[in-house]
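Spelled out, the chains give:
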Amino acid sequence: MRKNTYVQYYGKMDNYIKIFKALSDTTRLKIMWLLINIDEKICVSEIVDVLEEYQYNVSRHLRILKGAQLINEVKEGKWVFYYLSPMKDEFGELVQQAIHSIPDSEMTNEMMKCKKRLTMRENGIDTLDDNV
């Protein structure tokens, strides 16, 4: 195997491993499921409320998902919103399909909380927590 081919092959393999490691945690998998199923950007305070996790933990999980290139962030004023990264290849699409196929019944409580929480926005901005 030539050096360029070797680096290219193992570089992609490293990306696959990062993705699987990122998804190997329940909280991160739930965040991904929510982002796929609500099809909307969401901020940290909304995720904190929905998953009933500490802000520090949610931020850490988001950083890991971002490092695996599964999500992106956009800053709007003082708010940072997270959303799914567009999938550029078949592998990424299959990963998202697999997450999407997790039965709704496994996430009923979280989905209800999320829908309710998103209705509390004004002009697309989280109004409940001005400290994030």
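Our subject is the structure listed above.
Computed from a predicted structure; not experimentally measured.

K.L.:
Can you break down the pattern of salt bridges residue by residue, with the values?
P.N.:
Tallied over the full model, the rule gives seven salt bridges. Residue Glu76 pairs with Lys41 through a salt bridge whose shortest N-O separation is 2.2 Å. Of this pair, Glu76 sits in strand S2 (residues 71–76) while Lys41 sits in the loop between helix H2 (26–38) and strand S1 (42–43), and the two are 35 residues apart along the sequence. A residue is classified by how much of its surface remains accessible, and Glu76, at 27% relative accessible area, is partly exposed. A residue is classified by how much of its surface remains accessible, and Lys41, at 26% relative accessible area, is partly exposed. A salt bridge links Arg117 to Asp49, with the nearest nitrogen and oxygen atoms 2.5 Å apart. On the criterion of sequence distance, the pair formed by Arg117 in helix H6 (residues 108–118) and Asp49 in helix H3 (residues 44–51) is long-range, its members being 68 residues apart. Overall, the relative accessible area of 4% leaves Arg117 in the buried class. Overall, Asp49 belongs to the partly exposed group, its relative accessible area being 38%.

K.L.:
Kindly report on the sheet that holds strand S3 (residues 79–84), identifying the contributing residues and their values.
P.N.:
The sheet built from three strands is open, its strands ordered S1-S3-S2 with antiparallel pairing. Each having just a single partner strand, S1 and S2 make up the two edges of the open sheet. Bridge count for S2 against S3 is six bridges, and the pairing is antiparallel. Residue Asn72 lies in a different strand from S3, and its bridge partner there is Tyr83. Those strands touched by H2 are S1, S2 and S3, and its axis lies near 80° from that of S3.

K.L.:
Give me the lowdown on the packing of aromatic side chains, citing residues and values where you can.
P.N.:
Across all of its chains, the model carries two aromatic pairs by this definition. Note on Tyr16 and Phe91: the rings are 4.3 Å apart at their centroids and 45° apart in plane angle, and the pair reads as tilted. Here the residue Tyr16 occupies a position in helix H1 (residues 3–22), and Phe91 occupies one in helix H5 (residues 90–100), the gap between them amounting to 75 residues. Measuring from centroid to centroid gives 5.8 Å for Phe20 and Phe91, while their planes differ by 80°, and the two rings are edge-to-face. Taken as a pair, Phe20 in helix H1 and Phe91 in helix H5 lie far apart in primary sequence, 71 residues in all. Phe20 gets classed as exposed once you look at its relative accessible area, which sits at 51%.

K.L.:
Talk me through H2; I want residue IDs and the actual numbers.
P.N.:
For H2, which comprises 13 residues, the first-to-last C-alpha distance of 18 Å matches the rise-based estimate of 18 Å (1.5 Å per residue) to within 8%. Three or more residues of H2 are buried, namely Thr27, Arg28, Ile31, Met32, Trp33, Leu34, Leu35, Ile36 and Ile38. N-capping of H2 is provided by Asp25, with a side-chain oxygen placed 2.9 Å from the backbone N of Thr27. Positive backbone phi, approximately 50°, marks Asp39, located one or two places after H2.

The rules behind each value
- Residues numbered from 1 in each chain as written.
- Predicted model: local features only at pLDDT ≥ 70, side-chain atom pairs only at ≥ 80, totals over all residues.
- Heavy atoms only, no water.
- Salt bridge = Lys/Arg side-chain N within 4 Å of Asp/Glu carboxyl O.
- Helix = DSSP H or I, 4+ residues; strand = E, 2+ residues; numbered from the N terminus.
- Buried < 20%, exposed > 50% of the residue type's maximum accessible area, 1.4 Å probe, protein only.
- Pairing = 2+ DSSP bridges.
- Contact = heavy atoms within 4.5 Å.
- Axes fitted to C-alpha atoms, helices over the stretch in contact; angles between N-to-C directions.
- Phe/Tyr/Trp six-rings, centres within 6.5 Å; stacked < 30°, edge-to-face > 60°.
- Expected span 1.5 Å × (residues − 1).
- Polar contact = N/O pair within 3.5 Å; in protein donor to acceptor, adjacent residues only side chain to side chain.

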